[in-house]
Amino acid sequence: MEKQPKPPPLLLLSSQLSFQNRVCEVTLNSAFLSWKEVETRPKRTSGNIYGPLKAAGSHYVPVCEIISVQETEEDCPSTDTGKWQKVPQSVAESNQHAFTVSYVERTQKHRWRCSEVTLHCTDRTLCLQWVQAIREQLSLLTIRPKHLLVYINPYGGKHHGKRIYEQKVAPIFSRASISTDVIVTERANHARDHLKTEADLKKYDGVVCVGGDGMFSEIIHGLISRTQCDSGVDQDCSDEPLIPCSLRIGIIPAGSTDCICYATVGSNDPVTSALHIVVGDSQPMDVCSIHHNKTFLRYSVSLLGYGFYGDVLTDSERKRWMGPARYDISGVKTFLSHRYYEGTISFLPADENVGTPRDKLQCRSGCDICRLPSADKQVSKDEESVSDTETKGVWKVIRGKFLAINAACMSCACPRSPKGLSPSAHLADGTADLILVRKCSRFDFLRHLLRHTNKDDQFDHPFVEVYRVRQFRFTPRYEDTDSELDLRETEGSGRKRFFSQICREHPACSCSLAHSSWNCDGEILPHAAIQVRVHCQLIKLFARGIEEQSVFEEPYAFSAI
Ligand SMILES: CCCCCCCCCCCCC/C=C/[C@@H](O)[C@H](COP(=O)(O)O)NC(=O)CCCCC
Ligand SMILES: Nc1ncnc2c1ncn2[C@@H]1O[C@H](COP(=O)(O)OP(=O)(O)O)[C@@H](O)[C@H]1O
Ligand SMILES: [Ca+2]
């Protein structure tokens, strides 16, 4: 069927109003509010020529980016003190009546700001007519949230969460007439448990998370579990499709990595995130479920990393008091220890129509790949029943020694790595990029790591492989020792053989580690052997994906080696 051209927007109101003492033609239609200076004739006064003829530029604000409109209180000199003070419009001396429109303005680096224009009218009826017309248009934007449930982690990142919310976010919500119920968490998992069992979710149009990736992880665990529980879905059953969550989640970044916010908005700026919530953006997102045998362990949306990132996290947890700098210290320490781990990865590759991790088709606002019909992205029943390489050869199996095994459901872009762990991964395509970094020299591994911070391709090394997958499994080589306790309790020659084997392979560090841990969005998983499956578009954020120019154009801290 041929696409019909869109009808032109409906003209709603047009008047000559004054803006910064200039006459403007102001127009409101169903798509835009615009104002343009009206050309005035030159006036001769006392021999001087006033009134420039130049046609000033037009300003257009999409209605969907208007935050609010208010009748303005004019500033008038107070009669008794001589100071300037606010007086209500109704008692203003002159017949100048005004209204102020707050709207979204884009600044650099994907940041949004709240800008304002005040337009003056000659009479109050006209002024109120404008306010009402704009409010009517805003009321048609039913995707905008009206009532939000906010969770603040006061201890995330540099412990600024509460202040960030109160000073930068709450005033924006109040200007946009959004009401909130705010909970400052008192312990880890407070938000998760509240969402899972207590919160009256029918009251809200969305949930806001003030904190980092770990806090966001709490929120999605609460919401996903609640949704499955309400629908009778057993999370332990790894084959069962999960029910998508209906409430959108907003992230106000106040954590250490803030990768989920950065990769979905393009910046880790609280005001920008608040404005994306106000305009009612919606960005679907994939979620990985992680099982150990038949037991559900956790969900992951950003990094699921074994080896390097698991060890960084384990070490950094002891340094939480350092704040975000803990990751830098533990990163260097883990890099120097240069541990590798043995195991088997088997995975189900994604269809070709979702692209490849090295195709340079980055996921951006309105991404075509993420908009493909979801049937193409789901695991079909036939494929689910295929196991390893025995049948149809669908699953691939790789054995080896790895410095790192990373799965990224999305790019994982963050301030430390502006293009992310997997720059072409998609937010909502039903796949994850599986990155295998095999044992290599320290120097080569450093080159690989540094490429996360510059424009060079971090996958362009012979010791790095990357696959786009829908499911994967990992089994450490010494599987029967999956529980470290079992290993310590084992007596006799078997145990000795196990340790000596590991130590021979790690002559420099005298370590005896058979296993690393999985870093799951900043939480350590209790098992090394896991089964992972990507659930397409299981959750939705108040975001729209990264807009406009690429973050690659920003200067980088490190240059290529
Ligand atoms: C020698 C220079 C090395 C530079 C390497 C930089 C690579 C950075 C890639 C970071 C990807 C981050 C993916 C996100 C992970 C978060 O889920 C997790 C928890 O975050 P939070 O709750 O905010 O604390 N963060 C991490 O695991 C930190 C990894 C940092 C590793 C240096
Ligand atoms: N009130 C609280 N006290 C202690 N820990 C909390 C509290 N609220 C949340 N947490 C936990 O703090 C951890 C880190 O939170 P996050 O906001 O991600 O900060 P960061 O990015 O610095 O790690 C999360 O795992 C979360 O479960
Ligand atoms: Ca994805």
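The model shown is predicted, which means the values in this text are computed figures rather than measured ones.

**Things to note about the overall build of the chain**
The number of helices and strands found in the chain is 12 helices and 25 strands. Considering only intrachain contacts with a sequence separation of at least 6, the fraction spanning at least 24 residues in the chain is 74%.

**Some thoughts on the pattern of salt bridges**
Following the criterion strictly, the structure yields 30 salt bridges and no others. In this structure, D433 and R468 form a salt bridge, with 2.8 Å as the shortest nitrogen-oxygen distance. Of this pair, D433 sits in strand β21 (residues 432-438) while R468 sits in strand β22 (residues 464-476), placing them 35 residues apart in sequence. Since its relative accessible area comes to 1%, D433 is described here as buried. The class of R468 is buried, set by a relative accessible area of 5%. What emerges from the salt-bridge pattern is a single network uniting E65, R106, D281, R544 and E547.

**A closer look at the coordination of the calcium ion (ligand 3)**
Note on the calcium ion (ligand 3): its protein donors are D286 (OD), C409 (O), H426 (O), D429 (OD) and T431 (O). The metal-donor distances range over 2.3 to 2.5 Å. Of note, the donors binding the calcium ion (ligand 3) are all from one chain and are spaced D-x122-C-x16-H-x2-D-x1-T. Taken as a pair, C409 in the loop between β20 (396-408) and β21 and H426 in the loop between β20 and β21 lie far apart in primary sequence, 17 residues in all. When sorted by exposure, C409 lands in the same class as H426, which is buried.

**Some points on the site of ligand 2**
Neighbouring residues of ligand 2: 20 residues in total, closest G157, T185, G212, E218 and S256. In this structure, G212 approaches ligand 2 through a main-chain N or O atom, which is 2.8 Å from an oxygen atom. The contact in question runs from an oxygen atom of ligand 2 to an N or O atom on the side chain of R320, over 3.2 Å. At four residues, the largest contribution of residues to the shell around ligand 2 is made by helix α4 (residues 213-230). Partitioned by chemical class, the residues of the shell around ligand 2 number four nonpolar, nine polar and seven charged. Two domains each donate at least three residues to the shell around ligand 2, and these are domain 2 (143-282 + 542-550) and domain 3 (287-372 + 394-479 + 512-536).

**Notes on the UniProt feature "domain: DAGKc" (unreviewed entry) in the chain**
Mapped onto this numbering, the UniProt entry gives "domain: DAGKc" (unreviewed entry) at residues 143-294. Annotation note: span residues 143-294, helix share 38%, strand share 22%, distance between end C-alpha atoms 39 Å.

**Description of helix α6 (residues 270-278)**
Because the α-helix completes a turn every 3.6 residues, residues three or four places apart line up on one side. Burial of α6 is extensive: nine of the nine residues sit out of reach of the surface. Looking at α6, one finds that the buried residues are P270, V271, T272, S273, A274, L275, H276, I277 and V278. Just past α6, the residue G280 takes up positive phi, approximately 75°.

**Details of the side chain of T27**
Residue placement: T27 occurs in strand β2 (residues 22-29). The contact partners of T27, leaving out residues within four places of it in the chain, are L11, L13, S14, F32, L33, S34 and W130.

**Structural notes on the site of ligand 1**
Close contacts around ligand 1 come from 20 residues, with G214, T257, S302, Y327 and N519 the closest. Backbone polar atom of S256 to an oxygen atom of ligand 1: 3.4 Å apart, as the coordinates give it. Interatomic distance of 3.5 Å between a side-chain N/O atom of R326 and an oxygen atom of ligand 1. If ligand 1 stood free it would expose 770 Å²; the protein chains cover 89% of that surface. Contributions of two or more residues to the shell around ligand 1 are made by α4, α8 (326-337) and α10 (442-450). Classifying every residue of the shell around ligand 1 gives eight nonpolar, eight polar and four charged.

**A closer look at the domain arrangement of the chain**
Entries for the chain in the domain assignment read domain 1 (11-140), domain 2 (143-282 + 542-550) and domain 3 (287-372 + 394-479 + 512-536). When each unit is reduced to the centre of its C-alpha atoms, the spacing between domain 2 and domain 3 is 24 Å. Counting residues at the interface gives 30 residues for domain 2 and 29 residues for domain 3. Buried surface at the junction of domain 2 and domain 3, summed over both partners, amounts to about 2500 Å²; 59% is from carbon and sulfur atoms. Taken as a group, H221, S256 and Y262 account for 20% of the area that domain 2 buries against domain 3, more than any other trio of residues on that side. The tally of links between domain 2 and domain 3 comes to zero salt bridges. Run the count over domain 2 and domain 3 and you get 10 residue pairs in polar contact (both at pLDDT 80 or more).

**What about the pairing of strand β14 (residues 206-211)?**
The buried fraction of β14 amounts to six of the six residues, a majority that puts the element mostly inside the structure. Burial of β14 is two-sided: the residues G206, V208 and V210 facing one way and the residues V207, C209 and G211 facing the other way are all buried. Bridging between strand β12 (residues 147-152) and β14 involves five bridges; their strand directions are parallel. Across the sheet, L148 pairs through a bridge with G206, a residue of β14. Bridge count for β14 against strand β15 (residues 248-253) is six bridges, and the pairing is parallel. Looking at β15, one finds that G206 is bridged to R248. In this fold, β14 hands off to α4, which returns the chain to β15; that crossover is right-handed.

**Some words on the environment of H535**
Following the sequence through the fold, H535 ends up in strand β25 (residues 530-541). Given the relative accessible area of 6%, H535 is considered buried. Sequence-distant contacts of H535, defined by excluding residues within four places in its chain, comprise E240, L242, D286, V287, C288 and S289. At 2.8 Å, the side chain of H535 forms a polar contact with the side chain of S289.

**Brief notes about the packing of aromatic side chains**
Tallying each qualifying case throughout the model produces 15 aromatic pairs. Ring centres of F32 and Y60 lie 5.7 Å apart, and the angle between their planes is 80°; on these two criteria the pair is classed as edge-to-face. Of the two residues, F32 is situated in strand β3 (residues 32-37) and Y60 in strand β6 (residues 58-62); the sequence distance between them amounts to 28 residues. Residue Y60 is classed as exposed on the basis of its relative accessible area, which comes to 54%. Relative to W518, the ring of F472 lies with its centre 6.3 Å away and its plane at 45°, an arrangement referred to as tilted.

**Remarks on the packing of helix α3 (residues 190-198) against α4**
Between α3 and α4, the shortest axis-to-axis distance is 8 Å and the interhelical angle comes to 15°. Classed by the angle they form, the pair α3 and α4 counts as roughly parallel. By crossing handedness, the relation of α3 to α4 is classed as right-handed. From α3, H190, A191, R192, L195, K196, T197 and E198 reach across to α4, where they touch M215, E218, I219, H221, G222, L223, S225 and R226. Class assignment for the residues of the contact of α3 with α4 results in five nonpolar, five polar and five charged.

Definitions and limits used
Residues numbered from 1 in each chain as written. Chains lettered and ligands numbered in written order. Predicted model: local features only at pLDDT ≥ 70, side-chain atom pairs only at ≥ 80, totals over all residues. Heavy atoms only, no water. Helix = DSSP H or I, 4+ residues; strand = E, 2+ residues; numbered from the N terminus. Contact = heavy atoms within 4.5 Å. Salt bridge = Lys/Arg side-chain N within 4 Å of Asp/Glu carboxyl O. Buried < 20%, exposed > 50% of the residue type's maximum accessible area, 1.4 Å probe, protein only. Donors = N, O, S within 2.8 Å, 3.2 Å for Na, K, Ca; no water. Near = heavy atom within 4 Å. Polar contact = N/O pair within 3.5 Å; in protein donor to acceptor, adjacent residues only side chain to side chain. Nonpolar A, V, L, I, M, F, W, Y, C, P; charged D, E, K, R; others polar. Domains from an automatic or database assignment. UniProt positions renumbered as here; feature names shortened; annotations may be inferred. Areas by Shrake-Rupley, 256 points an atom, 1.4 Å probe, with all protein chains shown as cover. Buried area = accessible area lost by both parts, 1.4 Å probe. Pairing = 2+ DSSP bridges. Right-handed = clockwise from strand over helix to strand, strands pointing away. Phe/Tyr/Trp six-rings, centres within 6.5 Å; stacked < 30°, edge-to-face > 60°. Axes fitted to C-alpha atoms, helices over the stretch in contact; angles between N-to-C directions. Parallel < 35°, antiparallel > 145°, perpendicular 65-115°, else oblique. Left-handed = near helix turned anticlockwise from the far one by under 90°.

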